[in-house]
Amino acid sequence: MIVVKDLVRQFKSGDRTIKPVNGVSFELEKGSLASIVGKSGSGKSTLLSLLGALDKPTSGDVVVDGVSLAGLPDSKLTEYRRRDIGFVFQQFNLIPNLRAVDNVMLPMEFAGVRKAARLKRAKELLEQVQLDPEKQSRRINRLSGGEQQRVAIARALANEPKLILADEPTGNLDEQTGEHIIELLSSLSRDHNTTILVVTHDRSLAQKTERCFRLQQGRLTEEVKSGLHR
Amino acid sequence: MSVLARSVGNAFRNKIRTAAVVAVLAVAIGLALAMLVANQAVGAKVQELNASVGTTLTVNPAGGQGFEGGGEPLTAAQAQTVASVTNVTSVVGTKALRLQTATAETSTTQQGGGFGPGGQQASVTTNLTAAIDAGTLGNRNGSATNTGGTGTTQRVRTLPIAATGIGAEVDSAGKALDITSGTGLGDYTTAQAKALVGTTLAQKNNLTAGSTFTIQDKTFTVAGIFDAGTAFGNNAVYVTLPEAQTLAATPDELSTMIVTVNSMENVDSTKTAVQSALGTSKADVTQGQRNLETAVSSLDSVKNISLVAFIAALATAGLIILLIMVMLVRERRREIGVLKAIGARNRTIGLQFVLESLVLVALGSVVGAAIASLASGGIASALISSNTSTTAAPTTQRGGGFGGGGFAGGGFAGGGQGGPFGGASQLLTSVSASASPGVIAAGIAAVFAVAIIGALVPALLTARIRPIEVLRGE
Ligand SMILES: Nc1ncnc2c1ncn2[C@@H]1O[C@H](COP(=O)(O)OP(=O)(O)OP(=O)(O)O)[C@@H](O)[C@H]1O
Ligand SMILES: [Mg+2]
């Protein structure tokens, strides 16, 4: 259960301040699958980074399972990111000189998982995102954009987080692979009770989520679903 | 993938840069190690000099250091007196003789009484030929000073051979003889028709252990050949003290006494005590160390210079690491943000950077140790020759003294030891001896300690990088 309370994040650019997130409040049930849409530059990535404790809000709070992020020291926030969050970055942010499988193993290494166990799980995850076994031991900078995107998704799933924050996870994928990734994410929310929040420009993806929010001028509004869920 | 594996991988991420960094580090580390080795070598040398010469006093008859003659010869009774002075561990008497080849004798004996001390240096005939050409030395004799030729100086135009009666197996400065073949004389307190012959003299006269020659028509057997390390020192013969006294027909008379003091600290007080026990009118007591004071002090300054250079080179290595790691941290800012965003602790990231710097230092140390082992000998001798050039003048003056009469004994052997500069080859031997694995290991340990300090600063900087860096552009 995630409760977002009156979240504000402002930036100073030159002499004026911009507020891409300006008083955002919403609640997400555990295991729900939700999407955020909005124009480029509307603040979607900024909002996601606040939820994932990558950044600190100017004001407001995020409460995860009853724990307020605003009250946590940095070391606890690190632990929160390591254990509870799976972040899929818009720019992937993989470590370029490591192999695909090593990148997926990294969060597990930080969590203290034994080497054999992390290798096994990393391979399973890469298989789930349909990365050719042959490409699993390639270095990141030898993979295509779409392949990198799938490695980034596998890495986000590594520590079985309770909240997955995915910024444009299908942006670089063909329709079919994109469909597969969406199916993978919804099965996680369905079967593992993982809460999933996806930022997307993809209408069809937004249609498939239970709830859909629109970020506009720093405010979040929920779009009323036309059809039935799923 | 572990932290260590990642660190090693990162160290080789940019191979050209890694090679350049390792090369620069290797120079700094190599210099540091070479300086450490030089420092140890010079330190060992200073200790050796202090130990070998620092504790001996030389007693000559009063006025014996001048050319005035006069003064009473030293006696066995005086040796007894000196031996009973506090802190004196041993007294070795010597009796100097001049050996003249039978043909040269007539032209030189007339000067006999003219040189000091007290004309006691008896001239005796021999069938040996001197190993040193007298021609080149004649001129130097004229300018000979008194410092070197303690009590055994002479002003002959024809170069005689120095023969010294010794009360123990030491040269006339109290330094142990280096016998290269044959044996010593055994009992030095009895008269024996045996002698030790210097290498060049032996060569000149085709002598080997067991050969015979004559002094005053008496046949002597060569017991052994010794090497004093210098041409003058090797143009010499040693016999037992009583034998020399018999040859000179002056029983109980001594030319010099070599007094060994139990420790460095007691040398000065013992010198005064010996002087007062004998009386200033009877004997002059000189301190072997005095001749070497300048030598030791300039070696000490070499030691200090090498220590400063070691520390400076070490600091340079640390600084190189610091700068390189700061650069790497800045360059990988975004990547550090990624690691934090996916849950890496600050210390994991800090450790990764420290380990990476240690990989660079380890490579630099391997190459640096190789450089050091090639360069340390050269650096040590360069340091010593440049640092001692200022003291070269007095040294050569003393050299003149040796040339004049020092070969006969006292000053001469002092010359052999007092040549810490001339003895560059000797120093190089101690350099290689000092380049022991222990010293190198200690040096490398110091390098690693400094590198860790250097790497800690940038490693701590990584803690300040926030995970949000991840969303910033490259
Ligand atoms: N650190 C920052 N300093 C100043 N302005 C920033 C900073 N980070 C983001 N912004 C600004 O905040 C606004 C929102 O950025 P954000 O990345 O959240 O947009 P977005 O909705 O994710 O856009 P896109 O769909 O293109 O990814 C932009 O105008 C951006 O320029
Ligand atoms: Mg964005």
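Thresholds, definitions, all that
- Residues numbered from 1 in each chain as written.
- Chains lettered and ligands numbered in written order.
- Predicted model: local features only at pLDDT ≥ 70, side-chain atom pairs only at ≥ 80, totals over all residues.
- Heavy atoms only, no water.
- Helix = DSSP H or I, 4+ residues; strand = E, 2+ residues; numbered from the N terminus.
- Buried < 20%, exposed > 50% of the residue type's maximum accessible area, 1.4 Å probe, protein only.
- Contact = heavy atoms within 4.5 Å.
- Areas by Shrake-Rupley, 256 points an atom, 1.4 Å probe, with all protein chains shown as cover.
- Axes fitted to C-alpha atoms, helices over the stretch in contact; angles between N-to-C directions.
- Parallel < 35°, antiparallel > 145°, perpendicular 65-115°, else oblique.
- Left-handed = near helix turned anticlockwise from the far one by under 90°.
- Nonpolar A, V, L, I, M, F, W, Y, C, P; charged D, E, K, R; others polar.
- Near = heavy atom within 4 Å.
- Polar contact = N/O pair within 3.5 Å; in protein donor to acceptor, adjacent residues only side chain to side chain.
- Buried area = accessible area lost by both parts, 1.4 Å probe.
- Salt bridge = Lys/Arg side-chain N within 4 Å of Asp/Glu carboxyl O.
- Patch = residues over 30% accessible without salt bridge, like charges linked within 9 Å, V, L, I, M, F, W, Y side chains within 5 Å.
- Donors = N, O, S within 2.8 Å, 3.2 Å for Na, K, Ca; no water.
- Core = buried A, V, L, I, M, F, W, Y, C linked by side-chain atoms within 4.5 Å.
- Phe/Tyr/Trp six-rings, centres within 6.5 Å; stacked < 30°, edge-to-face > 60°.
- Pairing = 2+ DSSP bridges.

Engineer: Got a minute to help me understand the overall build of chain B in this structure?
Structural biologist: Along its length, chain B carries 15 helices and 13 strands. Out of the 474 residues belonging to chain B, those deemed buried represent 53%. At a minimum sequence separation of 6, the contacts of chain B that also span at least 24 residues come to 85%. Carbon and sulfur atoms form 59% of the exposed surface of chain B, whose accessible area is close to 19000 Å².

Engineer: Would you take a moment to explain the overall build of chain A for this structure?
Structural biologist: Across its full length, chain A holds eight helices and ten strands. Restricting the contact set of chain A to residue pairs at least 6 apart, pairs at least 24 apart contribute 69%.

Engineer: What should I look at first to understand the packing of helix H3 (residues 100-110) of chain A against helix H6 (residues 145-157) of chain A in this one?
Structural biologist: Between two packed helices, what matters for the description is the angle formed by their axes and the separation of those axes. Residue and element names in this part refer to chain A. At a minimum axis separation of 7 Å, H3 and H6 run at an interaxial angle of 25 degrees. By the angle between their directions, the pair H3 and H6 is classed as roughly parallel. The two elements H3 and H6 cross, and the hand of that crossing is right-handed. In this structure, H3 uses Ala-100, Asn-103, Val-104 and Pro-107 to contact H6, whose residues at the interface are Val-151, Ala-154 and Arg-155. Each residue belonging to the contact of H3 with H6 can be placed in one class, and the counts come to five nonpolar, one polar and one charged.

Engineer: So what exactly am I meant to see when it comes to the site of ligand 1 here?
Structural biologist: The immediate surroundings of ligand 1 are formed by 14 residues, with Ser-40, Lys-44, Ser-45, Thr-46 and Gln-90 of chain A found nearest. Flanking ligand 1 are residues from chains A and B. Within the side chain of Ser-45 of chain A, one N or O atom sits 2.7 Å away from an oxygen atom of ligand 1. Of all the secondary structure elements, the ones that give two or more residues to the shell around ligand 1 are strand S2 (16-28) and helix H1 (44-51) of chain A. By residue number, the principal contributor to the shell around ligand 1 is H1 of chain A, which donates three residues.

Engineer: Looking at this structure, how should I read the interface of chain A and chain B?
Structural biologist: By convention, interface size is frequently given as the accessible area that disappears when the constituent parts associate. Listed as interface residues are 24 residues of chain A and, on the opposing side, 23 residues of chain B. By the criterion of area lost to chain B, the three top residues of chain A are Leu-54, Asn-93 and Phe-110 of chain A, representing 27% of everything that side buries. On the surface where chain A and chain B come into contact, there are one salt bridge. The shortest N-O distance in the salt bridge between Glu-109 of chain A and Arg-6 of chain B comes to 2.7 Å. Taken together, chain A and chain B are joined by eight residue pairs in polar contact (both at pLDDT 80 or more). At the level of secondary structure, the elements contributing two or more residues to the side of chain A that touches chain B comprise H1, helix H2 (74-83), H3 and helix H4 (115-128) of chain A.

Engineer: Looking at this structure, I do not really get the packing of H4 of chain A against H6 of chain A. What am I missing?
Structural biologist: Residue and element names in this part refer to chain A. Packing of H4 against H6 brings their axes to within 9 Å, and their N-to-C directions diverge by 130 degrees. By the angle between their directions, the pair H4 and H6 is classed as oblique. For the pair H4 and H6, the crossing hand works out as right-handed. In this structure, H4 contributes Arg-121, Leu-125 and Leu-126 to the contact, and H6 contributes Val-151, Ala-154 and Leu-157. The residue inventory of the contact of H4 with H6, partitioned by class, reads five nonpolar, no polar and one charged.

Engineer: Please explain a nonpolar patch on the surface as it appears in this structure.
Structural biologist: Together, Leu-4, Val-8, Phe-12 and Leu-363 of chain B line one region of the surface with nonpolar side chains, adding up to about 300 Å² of accessible area. Locating Val-8 of chain B in the fold gives a position in helix H1 (residues 3-11).

Engineer: Can you help me understand the coordination of the magnesium ion (ligand 2) in this one?
Structural biologist: When a metal carries six donors in an octahedron, the ideal angles between them are 90 or 180 degrees, while four donors in a tetrahedron ideally lie at 109.5 degrees. Taken together, the protein ligands of the magnesium ion (ligand 2) are Ser-45 of chain A (OG) and Gln-90 of chain A (OE1), with distances of 1.9 to 2.2 Å. In this pair, Ser-45 of chain A sits in helix H1 while Gln-90 of chain A sits in the loop between strand S6 (85-88) and H3, placing the two residues 45 residues apart along the sequence.

Engineer: Which parts of the structure should I look at to understand the nonpolar core?
Structural biologist: For soluble globular proteins, the rule of thumb is that nonpolar side chains tend to be buried together. In terms of nonpolar packing, the biggest core is built from 81 residues, with Val-24, Phe-26 and Leu-197 of chain A together with Leu-25 of chain B touching the most fellow members. Broken down by element, the residue count for this core peaks at eleven residues, all from helix H2 (residues 15-53) of chain B. Excluding residues that lie within four positions of it along the chain, Leu-25 of chain B makes contacts with Ala-317, Ile-320, Ile-321, Leu-360, Val-361 and Gly-364 of chain B. Core analysis: the second largest hydrophobic core is formed by 34 residues, Leu-131, Ile-140, Ile-181 and Leu-205 of chain A among them.

Engineer: Help me understand the pattern of salt bridges in this model?
Structural biologist: Here the idea is simple: oppositely charged side chains can pair when their charged atoms come close. One pass over the full model with this rule turns up 22 salt bridges over all chains. Residue Lys-95 of chain B pairs with Glu-253 of chain B through a salt bridge whose shortest N-O separation is 3.8 Å. Of this pair, Lys-95 of chain B sits in strand S3 (residues 88-101) while Glu-253 of chain B sits in strand S11 (residues 253-254), placing them 158 residues apart in sequence. Residue classification places Lys-95 of chain B among the buried residues on the basis of a relative accessible area of 0%. You can call Glu-253 of chain B partly exposed: its relative accessible area is 21%. A salt bridge links Arg-332 of chain B to Glu-356 of chain B, with the nearest nitrogen and oxygen atoms 2.9 Å apart. Pair noted here: Arg-332 of chain B is in the loop between helix H9 (288-331) and helix H10 (333-341) and Glu-356 of chain B is in helix H11 (residues 346-388), with a separation of 24 residues, a long-range link. Relative accessible area serves as the criterion here: at 2%, Glu-356 of chain B is assigned to the buried category. The structure contains a network of salt bridges with shared partners spanning Lys-76, Glu-79 and Arg-83 of chain A.

Engineer: Can you walk me through the packing of aromatic side chains in this structure?
Structural biologist: Given two aromatic rings, their pairing is described by the distance between the two centres and the angle made by the two planes. All names here are of chain A. The final tally for this structure, using the stated rule, is four aromatic pairs over all chains. The interplanar angle of 45 degrees and the centroid separation of 5.2 Å between the aromatic rings of Phe-26 and Phe-213 together place this pair among those described as tilted. With Phe-26 in strand S2 and Phe-213 in strand S9 (residues 211-216), this residue pair connects regions lying 187 residues apart in the sequence. Taking the centre distance of 4.8 Å and the plane angle of 10 degrees together, the rings of Phe-87 and Phe-89 count as stacked. For the pair formed by Phe-87 and Phe-89, the shared burial category is buried.

Engineer: Looking at this structure, I do not really get the sheet that holds S6 of chain A. What am I missing?
Structural biologist: The pairing of strands in a sheet comes from backbone hydrogen bonds and takes either a parallel or an antiparallel form. Residue and element names in this part refer to chain A. The six strands lie next to each other as S6-S7-S8-S3-S9-S10, forming an open sheet whose pairing is mixed. Each having just a single partner strand, S6 and strand S10 (219-223) make up the two edges of the open sheet. Between one strand axis and the next, the sheet turns by 20 degrees as a mean value, whatever way the strands run. Sheet topology places strand S3 (residues 33-37) next to strand S8 (residues 195-199); four bridges connect them, and they run parallel. Bridged to Ala-34 within S8 is Leu-197.

Engineer: Looking at this model, I keep getting lost on the side chain of Thr-177 of chain A. Mind explaining?
Structural biologist: All names here are of chain A. Inspection of the secondary structure puts Thr-177 in helix H7 (residues 175-191). Classification of Thr-177 by relative accessible area gives buried; the value is 11%. Sequence-distant contacts of Thr-177, defined by excluding residues within four places in its chain, comprise Gln-130 and Arg-150.

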